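Take a look at the letters that make up each chain.
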Amino acid sequence: MTLTELIQLLADGLVLGSMYGLIAVGYTMVYGILQLINFAHGEIFMLGGFGALFVYAWVPGLQSVSLWLALPVLLIAGIIIAVTAAVAAERFAYRPLRRAPRLAPLIAAIGLSLFLQQVVFNFFTLPGESVGVTAPVAFPQLPGKPLEIGGVAISHAAVLTVVVAALCMTGLAWFVRRTRTGRAMQATAQDPATARLMGIDTDRVIVIAFAIGAVLAAVACVTQGLRLGLISYNMGFIAGLKGFTAAVLGGIGNIRGAMLGGVVLGVAESAASGILPHIPSLSMFGGSVWKDVWAFVILIVVLLIRPQGLLGERVADRA
């Protein structure tokens, strides 16, 4: 393997990891406040992509302009759909179970995940197509040839993914640290009962956490659609598992850890699946068919060494 090929793998892994990190933040924010693993978050991610595609396909004249000009409309549409679904899920599926045993909201999240998949599977439609999507559907592609830097090819969508992820994380860090709502989120995550006594509307804080996670998930799905040219009704399952893996890897409950876990997971997954085929004794375990397996192998190894994740706090540190 040449140095150029290795750099290409690392670049691809960075792009993949940025997408994982955006999804992971949604898991880690909700868990940090509610101690809830929102397994329907992968389907919120999926809805963001289908919401963007629906608007692009059905709004008159949108396909006749450059996709660069239409892209803000696609992002806004995807965000609106994803946020609406996430807020509705919090209000009608999770809030009534907030005082129930922890297993109840977990089962509700799994059921909601299957429900959202079936909604898209049975009711999503494109112009001239039958109702429902049983196979992956085409997503619009950004025009122009990939950028080449020293023999490393980077698509416009890949650059957009990394840039948008960096901007989103910078904006989120500022929001959490500098705004009154952000400080309220920190207080609620630390001690919800005390936060309520201090006059913080914890229900509002929880809704905002779900909404922010949905915004980042929708952005992640739109950028993935632009990179791959396809989206599918069941894409949220694997993406959600990878996002959750990244959140645990970085230290679930830690926002910076979620993004770090995503980048580490993406780079390691890309490198492992690209390098192992060139090692004769390990070639049978390499390639894209093994990348999902390696994602969880990496998680297990890290947790064996550091159970709280890369940036997570030890139980003793919280005491």
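In what follows, the structure referred to is the one given above.
Note that this is a predicted model, so its numbers are computed, not measured.

## Some points on the overall build of the protein
Now for step 1: Scanning the protein from terminus to terminus reveals 12 helices and 4 strands.
Now for step 2: Dimensions of the protein, computed from the C-alpha atoms along their principal axes, are close to 60 × 50 × 35 Å.
Now for step 3: A burial count over the protein gives 48% of its 319 residues as buried.
Now for step 4: Summarising the internal contacts of the protein: among those between residues at least 6 apart in sequence, 72% fall at separations of at least 24.
Now for step 5: Per element, the accessible surface of the protein, about 15600 Å² overall, is 68% carbon and sulfur.

## A look at the side chain of serine 232
Now for step 1: Along the chain, serine 232 falls in the loop between strand E4 (230-231) and helix H9 (235-250).
Now for step 2: At 2.9 Å, the side chain of serine 232 and the side chain of asparagine 234 are in polar contact.
Now for step 3: Apart from residues no more than four positions distant in its own chain, serine 232 is found in contact with Met46, Phe50 and Pro136.

## Focus: the pattern of salt bridges
Now for step 1: Within this structure, the stated rule accounts for 7 salt bridges.
Now for step 2: Linking lysine 291 and glutamate 269 is a salt bridge whose minimum nitrogen-to-oxygen distance equals 3.9 Å. Here lysine 291, found in helix H11 (residues 291-305), pairs with glutamate 269, found in helix H10 (residues 255-275); they are 22 residues apart in sequence, far enough to count as distant.
Now for step 3: For lysine 291, a relative accessible area of 28% gives the class partly exposed.
Now for step 4: For glutamate 269, a relative accessible area of 1% puts it in the buried group.
Now for step 5: Each of Glu90, Arg95, Arg98 and Asp203 takes part in a single network of salt bridges with overlapping partners.

## Observations concerning helix H1 (residues 3-34)
Now for step 1: Relative to the 46 Å expected for 32 residues at 1.5 Å per residue, H1 spans 45 Å between its end C-alpha atoms, a close match to the ideal helical length.
Now for step 2: One or two positions beyond H1, positive phi appears at glutamine 35, with a value near 60°.

## Examining the nonpolar core
Soluble, globular proteins show a tendency: their nonpolar side chains are buried together.
Now for step 1: Counting 88 residues, the largest nonpolar core has Phe45, Tyr94 and Leu226 as its most contacted members.
Now for step 2: With 16 residues, the single largest contributor to this core is helix H8 (residues 202-228).
Now for step 3: Setting aside chain neighbours within four positions, we find phenylalanine 45 in contact with Met19, Ile23, Ala217, Ala220, Cys221, Gln224, Met235, Gly236 and Ala239.

## Remarks on the environment of isoleucine 252
Now for step 1: Looking at where isoleucine 252 falls in the secondary structure, it is placed in the loop between H9 and H10.
Now for step 2: Between the C-alpha atom of isoleucine 252 and that of isoleucine 212, which follows or precedes it by 40 residues, the distance is 16 Å.
Now for step 3: For isoleucine 252, the residues in contact, after removing those within four places along its chain, are Thr28, Tyr31, Phe244 and Ala247.

## Some remarks on the packing of aromatic side chains
Centre-to-centre distance and the angle between the planes together describe a pair of aromatic rings.
Now for step 1: Considering all chains together, one arrives at 7 aromatic pairs under this definition.
Now for step 2: Both rings, one in tyrosine 27 and one in phenylalanine 244, keep their centres 5.7 Å apart while their planes meet at 55°; by these two values the pair is tilted. Here tyrosine 27, found in helix H1, pairs with phenylalanine 244, found in helix H9; they are 217 residues apart in sequence, far enough to count as distant. Comparing tyrosine 27 with phenylalanine 244, the two get one shared label, buried.
Now for step 3: Ring geometry for phenylalanine 50 versus phenylalanine 124: centroids 4.8 Å apart, planes at 75°, classification edge-to-face.

## Focus on a positive patch on the surface
Now for step 1: Taken together, the side chains of Arg177, Arg178, Arg180, Arg183, Arg204 and Arg256 present a region of like positive charge at the surface.
Now for step 2: For the positive patch, the elements supplying multiple residues, two or more each, are helix H5 (156-178) and helix H6 (180-190).
Now for step 3: Within the element layout of this structure, arginine 204 appears in helix H8.
Now for step 4: Arginine 204 sits in the partly exposed class, given a relative accessible area of 45%.

## Topic: H11
Now for step 1: Helix length check: H11 (15 residues) gives 22 Å between terminal C-alpha atoms against 21 Å at 1.5 Å per residue, within 8%.
Now for step 2: The set of residues buried in H11 consists of Ala295, Ile298, Leu299 and Val302. End-on, the buried residues of H11 take up no more than an arc of 100°, which puts them together on one face. With respect to the buried face of H11, the exposed residues turned more than 90 degrees away are Ile300 and Leu304.

## Focus: unusual backbone geometry
What is expected of a backbone is that most residues other than glycine have negative phi and most peptide bonds are trans.
Now for step 1: In this structure, glutamine 35 takes a positive phi of about 60° despite not being glycine.
Now for step 2: For glutamine 35, the position within the fold is in the loop between H1 and helix H2 (41-58).
Now for step 3: In this structure glutamine 35 comes out as partly exposed when scored by relative accessible area, which is 35%.

Rules used in this analysis
- Numbering of residues starts from 1 in each chain and follows the order in which that chain's sequence is written.
- Given that the model is predicted, a residue must reach a pLDDT of at least 70 before its local features are reported, and side-chain atom pairs must reach 80 or more before they are shown or counted; all residues, however, enter totals for whole chains, interfaces and linings.
- Hydrogens and water molecules were not included; the side-chain quantities draw on all heavy atoms of the structure.
- Here a strand is any run of E in DSSP of at least two residues, a helix any run of H or I of at least four, and the numbering for each starts at the N terminus.
- For each residue, the accessible area found with a 1.4 Å probe, counting protein chains only, is set against the maximum for its type, and the residue is called buried under 20%, exposed over 50%, and partly exposed in between.
- Throughout, a residue-residue contact means that at least one pair of heavy atoms, one from each residue, lies within 4.5 Å.
- Areas reported as accessible are Shrake-Rupley estimates using a 1.4 Å probe. Residue values count occlusion only from the protein chains shown.
- Contacts described as polar in this section are N or O atom pairs within 3.5 Å, which, within protein, must combine one atom able to donate a hydrogen with one able to accept it, while residues neighboring in sequence count only if both atoms come from side chains.
- What counts as a salt bridge is simple: a side-chain nitrogen of Lys or Arg found within 4 Å of a carboxyl oxygen of Asp or Glu.
- Under the convention used throughout, the expected extent of a helix is 1.5 Å for every residue step, that is, one less than its residue count.
- We call a set of buried residues a nonpolar core when its members are Ala, Val, Leu, Ile, Met, Phe, Trp, Tyr or Cys and they connect through side-chain atoms within 4.5 Å of each other.
- Pairing of aromatic rings covers Phe, Tyr and the six-membered ring of Trp, with a centre-to-centre limit of 6.5 Å; geometry is then stacked below 30 degrees between planes, edge-to-face above 60, and tilted otherwise.
- Distance thresholds for patches are 9 Å for like charges and 5 Å for nonpolar side chains (Val, Leu, Ile, Met, Phe, Trp, Tyr), applied to residues having over 30% relative accessible area and no salt bridge.
- The charge count includes Lys and Arg as positive and Asp and Glu as negative, but it does not include His or the ends of the chains.
- Charged groups are reduced to one reference atom each: NZ for lysine, CZ for arginine, CG for aspartic acid, CD for glutamic acid.
- Relevant arc is that of directions from the helix axis to the C-beta atoms, nothing else.

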